[in-house]
Amino acid sequence: MERRVTAVLGPTNTGKTHLALERMMGHASGMIGFPLRLLARENYDRVVQKKGPAAVALITGEERIHPPTARYFICTVESMPVTRLVEFLAVDEVQLIADGERGHIFTDRVLRARGMSETMLLGSDTVAPILRALIPGLEVVQRPRFSTLSFAGSKKLSRLPRRSAVVAFSAAEVYEIAELMRRSRGGCAVVMGALSPRARNAQVALYQSGEVDFLVATDAIGMGLNMSLDHVAFARLTKFDGRGPRRLTAAEVAQIAGRAGRHQNDGTFGTTPEAGQLDAEIVEQVEAHSFPPVTEIFWRSAELDFRSVPALLRSLDQPPPLRFLHRKRDAEDHRVLSLLARQEEVTARAQGRTAVSLLWEACQIPDFRKTLSDTHLGLIKQIFLHLTGPSGRLPADWVAGALARLDRTDGDIDTLSARLAHVRTWTYVSHRPDWLPTADRFAAQAREIEDKLSDALHERLTQRFVDRRGAFLIRRLADQAELLAGVAADGAVVVEGHPVGRLAGFQFEPDIVGDREAARPLLAAARRTLGPEIARRVAALLSTPDEGVRLLPDGTLVWCQGEDRWPVARLLAGPSPLAPRVQPIPADLMRPTDAERVQRHLTGWVRRLIDGWCGDLREIAAARLGGVARGVAHQLVEALGTLDVAAAGPMEMEAADRAALSRLDVRFGREVIYVASQLSAEAVALKSLLAAVWLDIAPPLPPEAIVVRRDPALPEAWYRLVGYRCVGPMAMRVDRLEALAQAVRQDAKTAAEQAGEATSDPARLAGLAGCEIAEVPAVLAALGYRPRRGEGTGRLVRRRSRTATAPANPDSPFAALAGLRMPGLRAR
């Protein structure tokens, strides 16, 4: 009966759905089919508000609310009870007749579903020609878009305007983009077809409430979800259609992009750099809402033969009656039937119309994971075997056990999503009272588990992809709003009630460590609010007495405030070891002028510290001396207070100059000239650091004793600047070196007076050198001697030269042993 059939066609945001609902509620009864359960639920609530719950039914694969007095039926397209007579009937998004996955179902409704008084088909105007070919006398009504949709080009994720949606075509891509949005924009809501309606609603509500300003979604948002979007950005321009990847058509781009701009508000669409360029032809078509018409649609025979399984398969393979109809070959229920038809246990039970019809109904149980796994196939088989068993019902304990295994909310996003897919399948099964003895109880239990899993999934998505603090701060910063902030006594920084980090000295430490993008809004909020506090701290440092600053062994200067120790600068090599450069630790929140003041203040502090422990060196450098003495003094200061006699050159120094230097604590040894005050523990510790800074090495700990074992990792120049000399395996402070020389000279003098052979006590020399007895020859050899072949230790003779470049010192204690021989050693 071809009564009045009207096609209301046009782009998105034309009010087609609103028109159909108003027309339906103007009739005594009606039915409307939507492409998504979520849309069915949303519009069910709208109709209930006007007609009351007793007059409205909701029928989807997973949810059924069917009052006995219902007159209006809100359904998914697959669940429409098309045999029920109603005055008005509508099918939404009829352009899906060209969809490779569900097109055959929409085609069946277009061909067979009718209202007694009025039928309305809603969708894109691309299907107008083919609908006219299918339905003679069809009335087509064109609806213009309420707002303008324009192309905005390519934008990075960090540059997208607020109230934007980013579209990808796989869960992995959605999660990757959502993670980037959390780090750079404070977070986003996530909408995918794989989410349960409750979880999807919660995510949409998160966006609609303004808690986040961005949405990352699959093309599921293209099916009538009404959200206040201003911009849609495509992160990909290809999708997998079940057979392989392909580029989006202009109509598909328009369907998704059309979510931007609702009612009278204009919208924009574009891409991200990763998606590449959108073809200019597609842009023009989308902006003009002008697309090539649909010329081929999917179809499957509705005249099914249930006499046997082979007969049913043949009827499903019937060729279409019209040339522009494409037979649907790979529908999920058809594939399940084909696989089960190969199993003898199934075909043995599937005998007769009733059993074959029951098998077909079981094959239509949806696999919400969309994988057609062995698990789903095994479940369908088990259900059919139970239904064809002695009881003709599903065992209650079997169903209860399956639901109990799914009643868990632990796990990550993927685990919860998989569990939700399974429980949605059981929700579908539980709405078959002819299959279950207590269907209502199991339906309620399955719905309760689905709700718990949906809430847990929403919570996991929010935890992973929403930074509420960052999102709030980004909005406030974008609005140029004044921020209320404070710094607690322990340095905790709170902005608008949100803890954002800690202020340690002049350094702001955001709560997020190692993630620069996520920390960016925190740093921006800190810059906006912490300027006065930083200025106050700068003033406090400049007025701090010298005792309030300390120099650590690694060259860091710390500012001491109570129990706090705040790093404020570090030492770098300067023009000389005694004049290191002070480099303030970079502080993003400090003004450049304040940084210069801090540097000048700390440079003065370091100079006063050096003067305190190494002031004698500055006095030596400033002393009024003659030419020779002035040269020696200069070398002595450059070497931080110790100078080899051999390197000092001729020592023809005036007696007055020598006396002046002696009054400045300079000691003239036979081996080394040194400043005695610079050998104190404090001076050595400071020089250890100054030498390391000068040589640009990691500051080591200062020598712990007068004689230490040499660290091969440290350069000899460091030991020399500290006041030590390297002799064999040991490093010896210069005053001990002089003591060792004195011991050898004393032995030589005694031998000369007694006109006999001089012998040295190895134990005594080992004690002076701080080494083992066996190492004494190595120490002495480092000073110019080595053992005579075949002899033991204990004999010393004069060495020929001190080093390759320095002439022998005639006053050396070893030179005093000329002509004397001791067993075991010979001159080089």
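Residues numbered from 1 in each chain as written. Predicted model: local features only at pLDDT ≥ 70, side-chain atom pairs only at ≥ 80, totals over all residues. Heavy atoms only, no water.

Chemist: Which parts of the structure should I look at to understand the overall build of the chain?
Modeler: Within the chain, the secondary structure is distributed over 28 helices and 34 strands. Across the 828 residues that make up the chain, the buried fraction comes to 52%. Looking at the chain alone, contacts between residues at least 24 apart form 67% of all its contacts between residues at least 6 apart. When the accessible surface of the chain is split by element, carbon and sulfur atoms take 51% of a total near 37100 Å². (Helix = DSSP H or I, 4+ residues; strand = E, 2+ residues; numbered from the N terminus. Buried < 20%, exposed > 50% of the residue type's maximum accessible area, 1.4 Å probe, protein only. Contact = heavy atoms within 4.5 Å. Areas by Shrake-Rupley, 256 points an atom, 1.4 Å probe, with all protein chains shown as cover.)

Chemist: Looking at this model, I keep getting lost on the sheet that holds strand S23 (residues 549-551). Mind explaining?
Modeler: Hydrogen bonds between backbone groups are what pair the strands of a sheet, and the pairing can be parallel or antiparallel. Taking strand neighbours across the sheet as the criterion, the 4 strands line up as S23-S24-S25-S26 in an open arrangement whose pairing is antiparallel. Two strands bound the open sheet, and with one partner strand each, they are S23 and strand S26 (579-584). Going from strand to strand, the sheet's axes swing by 35 degrees on average, the running direction of each strand aside. Contacts from helix H20 (residues 592-622) reach S23, strand S24 (556-561), strand S25 (564-576) and S26 within the one sheet, and its direction differs from that of S26 by about 145 degrees. (Pairing = 2+ DSSP bridges. Axes fitted to C-alpha atoms, helices over the stretch in contact; angles between N-to-C directions.)

Chemist: What's the story with the nonpolar core in this structure? I'm lost.
Modeler: Within soluble globular proteins, side chains that are nonpolar generally end up buried alongside one another. Counting residues in hydrophobic clusters, the biggest one holds 64 residues, and the most contacted among them are Leu-337 and Leu-359. Not counting the four nearest positions on each side in its chain, Leu-359 is found in contact with Val-309, Leu-337, Leu-340, Val-346, Ala-350 and Phe-384. (Core = buried A, V, L, I, M, F, W, Y, C linked by side-chain atoms within 4.5 Å.)

Chemist: Would you mind showing me how to read the packing of aromatic side chains here?
Modeler: Any aromatic ring pair is given by two values, namely how distant the centres are and how the planes are angled relative to each other. All chains considered together, the criterion is met by 6 aromatic pairs. With a centroid separation of 5.4 Å and an interplanar angle of 75 degrees, the aromatic rings of Trp-398 and Trp-426 are classed as edge-to-face. On the criterion of sequence distance, the pair formed by Trp-398 in helix H14 (residues 396-406) and Trp-426 in helix H15 (residues 413-430) is long-range, its members being 28 residues apart. In this structure Trp-398 comes out as partly exposed when scored by relative accessible area, which is 23%. Classification of Trp-426 as buried rests on a relative accessible area of 7%. Through a chain of ring-to-ring contacts, three or more aromatic side chains come together here, namely Phe-506, Trp-559 and Trp-566. Between Arg-441 and the ring centre of Phe-442, over which it is positioned, the NZ or CZ distance is 4.3 Å. (Phe/Tyr/Trp six-rings, centres within 6.5 Å; stacked < 30°, edge-to-face > 60°. Lys NZ or Arg CZ within 6 Å of the ring centre and 35° of its normal.)

Chemist: I keep staring at the environment of Ala-446 and nothing clicks. Help me out?
Modeler: Inspection of the secondary structure assignment puts Ala-446 in helix H16 (residues 439-465). Separated by 40 residues in sequence, Ala-446 and Leu-406 place their C-alpha atoms 9.3 Å apart. Beyond its immediate chain neighbours, meaning those up to four positions away, Ala-446 contacts Leu-403, Val-423, Trp-426, Thr-427 and Ser-430.

Chemist: Would you mind showing me how to read a negative patch on the surface here?
Modeler: On the surface, Asp-279, Glu-281, Glu-284 and Glu-287 cluster together into a patch of negative charge. Along the chain, Glu-281 turns up in helix H8 (residues 280-288). (Patch = residues over 30% accessible without salt bridge, like charges linked within 9 Å, V, L, I, M, F, W, Y side chains within 5 Å. Salt bridge = Lys/Arg side-chain N within 4 Å of Asp/Glu carboxyl O. Lys, Arg positive; Asp, Glu negative; His and termini not counted. Charge placed at Lys NZ, Arg CZ, Asp CG, Glu CD.)

Chemist: Help me out: how do you make sense of the pattern of salt bridges in this one?
Modeler: Between side chains of opposite charge, a pair can form as their charged atoms come close. Scanning the entire structure with this criterion turns up 42 salt bridges. Note that Asp-455 and Arg-198 form a salt bridge whose closest N and O atoms lie 2.8 Å from each other. Separated by 257 residues along the polypeptide, Asp-455 in helix H16 and Arg-198 in helix H6 (residues 197-208) bring together distant segments of the chain. For Asp-644, the salt bridge goes to Arg-720, with nearest N and O atoms at 2.7 Å. Residue Asp-644 is found in strand S27 (residues 642-644), and its partner Arg-720 is found in helix H25 (residues 716-722); the two are separated by 76 residues along the sequence. Here the residues in one salt-bridge network are Arg-37, Arg-41, Asp-45, Glu-62, Glu-63, Arg-198, Arg-424, Arg-447, Glu-450, Asp-451 and Asp-455, joined through shared partners.

Chemist: What is the right way to look at the environment of Pro-777 in this model?
Modeler: Topologically, Pro-777 is positioned in helix H28 (residues 776-782). You can call Pro-777 buried: its relative accessible area is 15%. As a C-alpha pair, Pro-777 and Pro-762 span 15 residues in sequence and 9.1 Å in three-dimensional space.

Chemist: I tried to follow the sheet that holds strand S13 (residues 231-234) on my own but got confused; where do I start?
Modeler: Judged by pairing direction, the sheet is parallel, and its 6 strands sit side by side in the order S9-S16-S13-S10-S12-S11 without closing on themselves. The sheet is open, and its two borders are formed by strand S9 (149-154) and strand S11 (189-191), each paired with just one other strand. Along the sheet, successive strands turn relative to each other by an average axial angle of 25 degrees, direction set aside. The sheet contact formed by strand S10 (residues 164-167) and S13 spans 4 bridges and is parallel. Bridge pairing in S13 places Ser-164 opposite His-231. Helix-sheet contacts for helix H5 (residues 171-185) involve S10, S11 and strand S12 (214-217), and the interaxial angle to S12 is about 165 degrees. On the sheet, H6 packs against S10, S11 and S12 and is oriented at approximately 140 degrees with respect to S11.

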